[in-house]
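Topology and contacts: notes
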Amino acid sequence: MLTTFVHRLRSLATSGKAPVVAAGIAGAALVLPLLAFVVVAATLPPAEELARQGLAVPTKVYARDGTTLLYEFAEEHREPVTYEELPKPLIEATISAEDKTFWTNPGIDVGAILRAAVSDLLGRHERPQGASTITQQLVKQRLVGNEVSLWRKIREAVMAVKVTAHYSKEEILELYMNQIYYGNQAYGVKAAARAYFGSEDLSRLTLAQTALLAGLPQSPSRLDPTKPENLERAKARRAYVLDQMLDNGAITKEERDTAATEPITVVPAALKDIHAPHFVFRVKERLAEILQSDADIPRGGYTIVTTLDWAKQQEAEKQVTQWVKELHAKDVWNAALVAIDPRTGEVVAYVGSVSYFDDDPKVQGQFDVAGLGYRQPGSAFKVFNYLTALKKGATPATVVVDARTSFGGYMPENADFQYHGPITMRQAIRESRNVPAVKFLQNYSGIEATIATARAMGVEADYEAANAGLALTLGAVPVRLIDMTSAYAVLANMGERTTTEIILEARDRDGRVIYHSEPRPQRVLTPEIAWLMNDILKDTTTVSPIFASWTSIGRPAALKTGTTDDLKDVYAVGYTPQLVTGVWMGNSDGTPMSSRDFFSAMGPGQLWRDYMKAVLENEPAENWARPAGIVSARVVAAPGAFGGYGSGLQPTSLSPFSTTEFFVNGTVPQRPDDWSQARCATAASPTSAPSPSPAGDVPAGVMVVKEAGPQAWRPYTQSWVKDAIAGRHDYGRFPWSKLLGTGEPCPSPSPSASPSPTTSPSPTTSPSPTTSRSPLPTPTGGRPTPAPTPTSTPVQTPTLPPPTPTPTPTPKPTKT
């Protein structure tokens, strides 16, 4: 029966028979008030729901210092306060503006409700109205809703009485001042103080500011003082609140007059500010993984302390901006940078594009190239090929011949179209030669094993769909910059991989820790192999009498760059024991950069250099400790900056030169050099090729170039040798007259006096009869057409093009 009565009462209240309802209510007011209260109360939730229904509190994302706010994910911008944190003037202003009888009323103002009900029922207003108490406003916001009807007003009043009976006035006021909307995206009084006055401390608000805030909830949009058209209305509302405070005895007339004349000065709200935006949105994704949902993030009130180092981030943004601007003339319009602590896997700097707010098609700033963009890394991918070769028994002294070679129809080119002959792994990596890289992949590493190495180090990509074949080593498979940076961190950390992390700690709204990062390193490379690659890659940042570097940072560091052959992507990933940084440059719409005098060492390589020098300036220089399993030995290898004519074997009395190289213990070459036949048989000159030897392959009196590899490579090797003897492919590295014979009979090679492994601490170069020059960095190789699977069928010696003249070195560009 009660249910039927309630439905009937609600139907009449919302129908056109409002006057009849009013008369009925007035007539029954003395007879059935208690019954009506009980009936309406039965339709309402328990009063306890007011506290159980949590406030929508933003999730705050901080840098690793825990104080630098990067962003708030907010459904409602709010920062809850306790009653004890509310200054007395703010309490008095709020009560004076909204509910003078707050401390004594039962949750409703009965006289005001009756007046409003009669006015509404007689149609004197378009909307039902009434002098709602603070408790009624709170109930409407949190439990009843904003339905425009008399039935809602009745339920609101009854619920306000229930709430007042259940909670203290202090609890109600605290809930109200945390709940109510103050405009300008601010919910709750503390968020409002920050939005309008930039204040984090409510006690520091002036009386005028306090009165202004207290008056805003009546009509937040119309009174918002940040809008010039609202200023006069805001002043009038502030004056009203001050008058009410004076009437209530909360302030003196002098205080009222002083506050009323204070200019309204607002601070532009910082609520929309976002720092490191691409990083922040990756943090949101990571938090969603932890929570297994993202639905609660904007209202859950989580506090997230990230791994981001604010100083390193600011430097990263500055360097990216400056270098992209510097390289506009080279058609470079976008860049990304990631920096990781290799010991913990923590991302300390993250720039997803040159500007998040730049919507130019070449930039597309909101797209995160660092974390979402798959781009070809060029020669930066070669590292995984060479690491795999080292794991399979190759050494830094293993030699292949850098000569134009067909791999079953696939013929990659070196980026500079030069070919440097017999070249060790160390030289091939330092010079970033493409043909040797493909030879190492085919003869030592293997495609599948190289992919496995890359994956183990953290580079996930769609290798199968790319179907790159032998072009895999040249960066044919698109990858993410953050993955490449993380993979190089394995080398920086001496072979141990720590999963990339961007959140240090996450707490819920009550301060309970729901996530804490715990680095768990896993070994994926032996320390010996990691150290060998570090030592090789250090060559690219080391300035020495033999070769120069544009990318020296004044301390031990390793670096590999990469350039795609269509010049759509340029890469640099480098590291010290403390920090690894990856850089990408290009254009987001795929527009190629200028091919004129531009390559990776010039762009991302120098950005990497400037960034690393800046952020490590106050850090002690560190180097990688040499493992006990590493030994050194002399091998026959060209001492110059370029490749040369060495065998990588133990030197003999006939060897024209030798160099110290490092090896994993047990892999030092045991065979004596049998390539060298210098200073014997027929003399020759650089301009006239000697007579062929009886074997018909090469003239007597010069180094015999041999190569371990498929038989199909041999014709290309011998073609290179003949051209080299004729004076081509020299590039100014060696004076041929000193390498060619003197006419004496060729003796049998004999091992040198000290071919055994040693433990010398660093490579040194033996005196050489050659001269060499320090070159500028050579462009790194890029992605050729994906290679078919090579066959073992011998191919004919190709007709090589005329020799490429030595290019004139381009002066090093200076950054302005």
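Residues numbered from 1 in each chain as written. Predicted model: local features only at pLDDT ≥ 70, side-chain atom pairs only at ≥ 80, totals over all residues. Heavy atoms only, no water.

Of regular secondary structure, the protein chain possesses 26 helices and 21 strands. Counting contacts in the protein chain only where the partners sit at least 6 residues apart, residues at least 24 apart contribute 73% of the total. (Helix = DSSP H or I, 4+ residues; strand = E, 2+ residues; numbered from the N terminus. Contact = heavy atoms within 4.5 Å.)

Okay, the environment of Asp508 next. Within the element layout of this structure, Asp508 appears in the loop between strand E14 (503-507) and strand E15 (513-516). Classification of Asp508 by relative accessible area gives buried; the value is 11%. Put simply, Asp508 and Thr303 are 205 residues apart on the chain and 6.4 Å apart in space, counted from C-alpha to C-alpha. One polar contact links the side chain of Asp508 to the main-chain amide nitrogen of Arg512, over a distance of 2.9 Å. (Buried < 20%, exposed > 50% of the residue type's maximum accessible area, 1.4 Å probe, protein only. Polar contact = N/O pair within 3.5 Å; in protein donor to acceptor, adjacent residues only side chain to side chain.)

On to the pattern of salt bridges, then. In the structure shown here, the tally under the stated rule is 38 salt bridges. For the salt bridge of Asp368 with Arg282, the shortest nitrogen-to-oxygen distance reads 2.7 Å. You can see Asp368 sitting in the loop between strand E8 (346-351) and strand E9 (374-375) and its partner Arg282 sitting in helix H15 (residues 277-291), a full 86 residues away along the chain. Relative accessible area serves as the criterion here: at 2%, Asp368 is assigned to the buried category. When the shortest N-O distance is used, the salt bridge between Glu289 and Arg286 registers 3.1 Å. With a gap of three residues between them, Glu289 and Arg286 both fall in helix H15, about one helical turn apart. We classify Arg286 as partly exposed; its relative accessible area is 22%. Within the structure, one salt-bridge network assembled from shared partners comprises Lys60, Glu72, Glu79, Lys190, Arg194 and Glu200. (Salt bridge = Lys/Arg side-chain N within 4 Å of Asp/Glu carboxyl O.)

Closest axis-to-axis distance for the helix H17 (residues 382-391)/helix H22 (residues 481-492) pair is 11 Å, and the angle between their directions is 35°. At the point where H17 passes H22, the crossing takes the left-handed sense. Facing Val383, Phe384 and Leu387 of H17, the residues of H22 in contact are Met484, Ala487, Tyr488 and Leu491. A breakdown of the residues in the contact of H17 with H22 according to their chemical character gives seven nonpolar, no polar and no charged. (Axes fitted to C-alpha atoms, helices over the stretch in contact; angles between N-to-C directions. Left-handed = near helix turned anticlockwise from the far one by under 90°. Nonpolar A, V, L, I, M, F, W, Y, C, P; charged D, E, K, R; others polar.)

Taken together, the three strands give an open sheet; going across it, the order is E3-E5-E4, and neighbouring strands pair in mixed fashion. Because the sheet does not close on itself, it has two edges, and the strands there are strand E3 (77-78) and strand E4 (181-183). (Pairing = 2+ DSSP bridges.)

Summed over the entire model, instances satisfying the criterion amount to 19 aromatic pairs. Seen from their ring centres, Phe73 and Phe281 are 5.8 Å apart, and the 65° between their planes marks the pair as edge-to-face. With a gap of 208 residues between them, Phe73 in strand E2 (residues 69-73) and Phe281 in helix H15 connect regions that are remote in the sequence. Ring geometry for Phe279 and Tyr350: centres 6.0 Å apart, planes at 55°, overall tilted. In this pair, Phe279 is assigned in helix H15 and Tyr350 in strand E8, connecting sequence segments 71 residues apart. The exposure classification of Phe279 matches that of Tyr350, with both residues buried. Three or more aromatic residues joined by ring pairs make a cluster, and in this case those are Phe381, Phe384, Tyr463, Tyr488, Tyr575 and Trp624. Its end group placed over the ring of Phe102, Lys169 keeps NZ or CZ at 4.7 Å from the ring centre. The cationic tip of Arg375 hangs over the ring face of Trp584; the distance from NZ or CZ to the ring centre is 5.6 Å. (Phe/Tyr/Trp six-rings, centres within 6.5 Å; stacked < 30°, edge-to-face > 60°. Lys NZ or Arg CZ within 6 Å of the ring centre and 35° of its normal.)

With respect to the helices and strands, the residue Thr652 is situated in the loop between strand E20 (630-635) and strand E21 (659-664). Sequence-wise, Thr652 and Asp673 are 21 residues apart; in three dimensions their C-alpha atoms are separated by 6.1 Å.

So, about the sheet that holds E15. Two orientations exist for strands paired in a sheet by backbone hydrogen bonds: parallel and antiparallel. With mixed pairing, the five strands of this open sheet are ordered in space as E2-E1-E6-E14-E15. With one partner strand each, in any of the chains shown, E2 and E15 form the two edges of the open sheet. With strand direction ignored, the average angle separating the axes of adjacent strands in the sheet is 15°. Of the strand pairs in this sheet, strand E1 (residues 59-62) and strand E6 (residues 303-306) are connected by three bridges, and their pairing is parallel.

In terms of burial, E14 is a largely internal element, four of the five residues being buried. Here four bridges tie E6 to E14, and the two strands are oriented antiparallel to one another. Bridging from a neighbouring strand, Ile304 pairs with Ala506 of E14. Hairpin connection, E14 to E15: the antiparallel pair is bridged by five residues, and Gly511 has positive phi, about 85°.

Before going further, it helps to examine the side chain of Arg375. Examined against the element boundaries, Arg375 turns out to sit in strand E9. Look at Arg375: it is buried, it has no salt bridge, and the nearest opposite charge is Asp569 at 4.1 Å. If near-sequence neighbours (up to four positions away) are discounted, Arg375 is found in contact with Phe367, Val369, Val477, Pro478, Val479, Asp569, Tyr571 and Trp584. (Lys, Arg positive; Asp, Glu negative; His and termini not counted.)

Nonpolar side chains in soluble globular proteins tend to end up buried together. Core analysis: the largest hydrophobic core is formed by 101 residues, its most contacted members being Tyr488 and Leu491. With nine residues, H22 is the largest single contributor of residues to this core. Each residue touching Leu491, except ones within four places of it in the same chain, is listed here: Val383, Leu387, Met457, Leu525, Ala530, Met533, Asn534, Leu537, Tyr575 and Trp624. Counting 36 residues, the second largest nonpolar core, distinct from the first, contains Val81, Val163, Ala195 and Phe197. (Core = buried A, V, L, I, M, F, W, Y, C linked by side-chain atoms within 4.5 Å.)

We now examine a negative patch on the surface. Taken together, the side chains of Glu84, Glu85, Glu170 and Glu171 define an acidic patch exposed on the protein surface. Counting through the fold element by element, Glu171 comes out in helix H9 (residues 169-179). Using a relative accessible area of 42% as the deciding quantity, one classes Glu171 as partly exposed. (Patch = residues over 30% accessible without salt bridge, like charges linked within 9 Å, V, L, I, M, F, W, Y side chains within 5 Å. Areas by Shrake-Rupley, 256 points an atom, 1.4 Å probe, with all protein chains shown as cover. Charge placed at Lys NZ, Arg CZ, Asp CG, Glu CD.)

The side chains of a regular strand alternate between the sheet's two faces. With respect to burial, strand E17 (residues 558-563) is a largely interior element, six of its six residues being buried. Burial along E17 is two-sided: Ala558, Lys560 and Gly562 and Leu559, Thr561 and Thr563, pointing in opposite directions, are all buried. With antiparallel pairing between neighbouring strands as the criterion, E17 and strand E18 (residues 569-575) make up a hairpin whose turn holds five residues, including Leu567 at a positive phi of roughly 55°.

In this section: the confidence of the model for the protein chain. For the protein chain, the average pLDDT comes to 80, and 73% of its residues sit at 70 or higher. Across residues 678-701 the pLDDT falls below 50, and counting only partners more than four positions away or on other chains, this stretch makes 62 contacts in the model. Contacts of residues 735-746 to residues separated by more than four positions or lying in other chains number 44 contacts, the stretch itself having pLDDT below 50. (pLDDT = per-residue confidence, 0-100.)

The next thing to look at is helix H20 (residues 447-456). Three or more residues of H20 are buried, namely Thr450, Ile451, Thr453 and Ala454. Along H20, the residues classed as buried sweep out an arc of 160° about the axis, all on the same side. Contacts made by the buried residues of H20 are with H17, helix H19 (434-445) and helix H21 (463-466). Directly after H20, the chain includes Gly458, whose backbone phi takes a positive value near 115°. (Arc of directions from axis to C-beta.)

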